[in-house]
Amino acid sequence: MTADDRVPVSLDRRRFVLGTAAVLLGATATTPLLSACGSEEAASLPDPSEITVGLANTIQGLDPHTADTIGSISVVHYLFEGLYGLERGNMNKLVPQLAVGPPEQIDPTTYHVRIRPGATFHDGRPVKASDVAYSINRVLDPATSSLLAVFLTAFDKAAAVDGQVLRIKLKKPWTLLTERLALVKVMAEHTAADATAEELARKPIGTGPYRLDAFSADNKQVTLTKYARYNGPLQANVPQIKCSVILDDTARLAALQSQQVTAMNDIAYQDVRSADSSGVTTGTVPSFNQSLIIFNTSRPTFADKRTRQAFLYSVDRESITQSVFFGKARPAVSYLPEDHPMFRRPKTEYRFDVDKAKSLLGSTGEARPSFTLLVSNLGWLSAQIPLLQASLQQAGFDVKIEQGETESLVPRVFAGDFDAWLTVTDPSIFGGYDADMLIRWSYTGAIPESMARWTNAAAGSVSQLLDQATATEQAADQADLYGQVQQIIADEAPIFPLHHRDITAAWLDGLENFAPTVPQGVDLLGVRI
């Protein structure tokens, strides 16, 4: 990514760079390997005509191009379609939604896409190619401040050829067109173009299988009703869906056990076993969602990569896996999880090795490095603190811990007022899972430059290798390039994950075809009562 390609990041947008408020939900690279269990006396559904979901995440607005919490994105999922989308339960397969077939290449940088006949917006107006062009160009417009724009830097512009055919012009030949079109949800130009930000956030009009019925003034309740004229591939089997924000883990589980809600996302790891014996069913699914460390490489303590490496060798990931995640996570070997198609094992692998950590610290000449570790105030991150502090001190670090809400820590991190930060990230929530999208999110642009202050030659090499990978159509060549990137990331370690965690969910008996899904955690498309 060149300097001209980068999209400015405002403070509000930065809040979502590494996750906001509650837990960001993740993704799996294949059809979910489901782990589910429940008691023989599982509770039955209180109302067969509707499903109420208890959400662990805030809903701050339903504009699909600026939604910046997983709660908002989870609701947008039912209201809007893209030209393409990920198949339910398979983060590696894209399927048409508003598009008819794959993009048609006209020349090396020009493509046409045909729009699904009969598709309508929730106000009854037909979907036209001009609406799709408007949506793409709106994401590209810096005035929109869309988080998605950073992934669409190869796009030039979109325009309608006629009512049903869209033309997309790229800046350069590129292999990720379909993947990136899946990120852009289609809005109605006739309502969105002149609407206020408040109207777009609270009165969305999409093409999805559900339409918005009600959005409470306190942002804690959304009611969706099945859209009768929907003619697309997404399956809406339940007449009505209600999404209720219940941020407290204990209260959310209690609401499920008392049948106030039908399903919930993000059941706490320590509650899974007790919930299974209380009349509900729980399940987990592997995901990309990760805890990670961001080092401030401009600070003397972590300017030397050997100190960053020593930190990572000091962490007893296996102990954290068992005591914090109760076995529902995997120690991170690379930034990409091991089940990702482009995962390649780096030569630099951070297994728990106190002697190695001490040796690296000794080679730097600094007897006992002292630093403050910021920790985002999420339950499963806070629970790691005693283990992290003990192992780091054993390796020779003098560490102080400071916890805080992610929203309050982000401005401080961007200002450079920190040594290291334990937080979370998961760009797959935007609807993509290709290696370029996942890696580019954390290792190019604002995060490495303005957070980690990582701007050396190795950082430049990562950007160049990613560009090369997206320019080649040979899978073997792409894999080799992404392998080189993963090795640089592991060796330099300006930002590095500790774990890829499982996503959890719980639900009442009577939901047919229900399973924890990624990235939302709870996805009711295709579910029957």
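It should be emphasised that the depicted structure is a prediction, and the values quoted were computed from it without experimental measurement. (Residues numbered from 1 in each chain as written. Predicted model: local features only at pLDDT ≥ 70, side-chain atom pairs only at ≥ 80, totals over all residues. Heavy atoms only, no water.)

Student: What is the right way to look at the packing of helix α16 (residues 435–443) against helix α19 (residues 475–492) in this model?
Tutor: To describe two helices that pack against each other, one gives the angle between their axes and the distance between the axes. Relative to each other, α16 and α19 sit at 25°, their axes nearing to 12 Å. When the interaxial angle is binned, α16 and α19 end up roughly parallel. When you trace α16 past α19, the crossing you get is left-handed. In contact with A435, D436, I439 and Y443 of α16, α19 contributes Y482, V485 and I489. Grouping the amino acids of the contact of α16 with α19 by side-chain chemistry returns six nonpolar, no polar and one charged. (Axes fitted to C-alpha atoms, helices over the stretch in contact; angles between N-to-C directions. Helix = DSSP H or I, 4+ residues; strand = E, 2+ residues; numbered from the N terminus. Parallel < 35°, antiparallel > 145°, perpendicular 65-115°, else oblique. Left-handed = near helix turned anticlockwise from the far one by under 90°. Contact = heavy atoms within 4.5 Å. Nonpolar A, V, L, I, M, F, W, Y, C, P; charged D, E, K, R; others polar.)

Student: I would appreciate a short explanation of the confidence of the model for the protein chain in the present structure.
Tutor: Keep in mind that low pLDDT regions are not for reading the predicted coordinates in detail. This prediction gives the protein chain a mean pLDDT of 90; 91% of its residues lie at or above 70. A low-confidence stretch, residues 1–42 (pLDDT under 50), is modelled with 153 contacts involving residues beyond four sequence positions or located in other chains. (pLDDT = per-residue confidence, 0-100.)

Student: Hey, could you run me through the nonpolar core in this one?
Tutor: A general trend in soluble globular proteins is that nonpolar side chains are found buried together. Among the nonpolar cores identified, the biggest contains 155 residues, and L83, F311, F430 and I439 are the most heavily contacted of them. Of the residues forming this core, the biggest block, seven residues, is contributed by α19. (Core = buried A, V, L, I, M, F, W, Y, C linked by side-chain atoms within 4.5 Å. Buried < 20%, exposed > 50% of the residue type's maximum accessible area, 1.4 Å probe, protein only.)

Student: Please clarify how the sheet that holds strand β8 (residues 165–170) should be interpreted in this entry.
Tutor: Sheets are built from strands that pair by backbone hydrogen bonding, the pairs being arranged parallel or antiparallel. Taking strand neighbours across the sheet as the criterion, the four strands line up as β5-β6-β8-β7 in an open arrangement whose pairing is antiparallel. Two strands lie at the open edges of the sheet, namely β5 (104–107) and β7 (155–160), each paired on one side alone. Looking at each pair of strands side by side, their axes are set apart by 25° on average, direction ignored. Note that β5 and strand β6 (residues 110–114) share three bridges and pair antiparallel. The residue of β6 that forms the bridge with D107 is T110. Strands in contact with helix α3 (residues 129–140) are β7 and β8; relative to β7, the strand with the most contacts, it is inclined by about 155°. (Pairing = 2+ DSSP bridges.)

Student: What am I meant to see in the layout of surface pockets here?
Tutor: Any empty space left between atoms is shown by rolling a water-sized probe over those atoms. Estimates place the volume of the largest pocket at around 610 Å³. Around the largest pocket, the lining comprises 36 residues; the ones closest to its centre are H77, L86, Q97, K185 and Q520. The set of elements that each furnish at least two residues to the lining of the largest pocket consists of α2 (70–79), β3 (84–87) and β4 (90–96). Here the lining of the largest pocket takes four residues from β3, the largest share from any one element. (1 Å grid on protein atoms, 1.4 Å probe; cavity = no way out; pocket = protein on both sides within 12 Å on 5 of 7 lines; lining within 4 Å. Points joined across faces, edges and corners; volume = space filled by probe spheres on them.)

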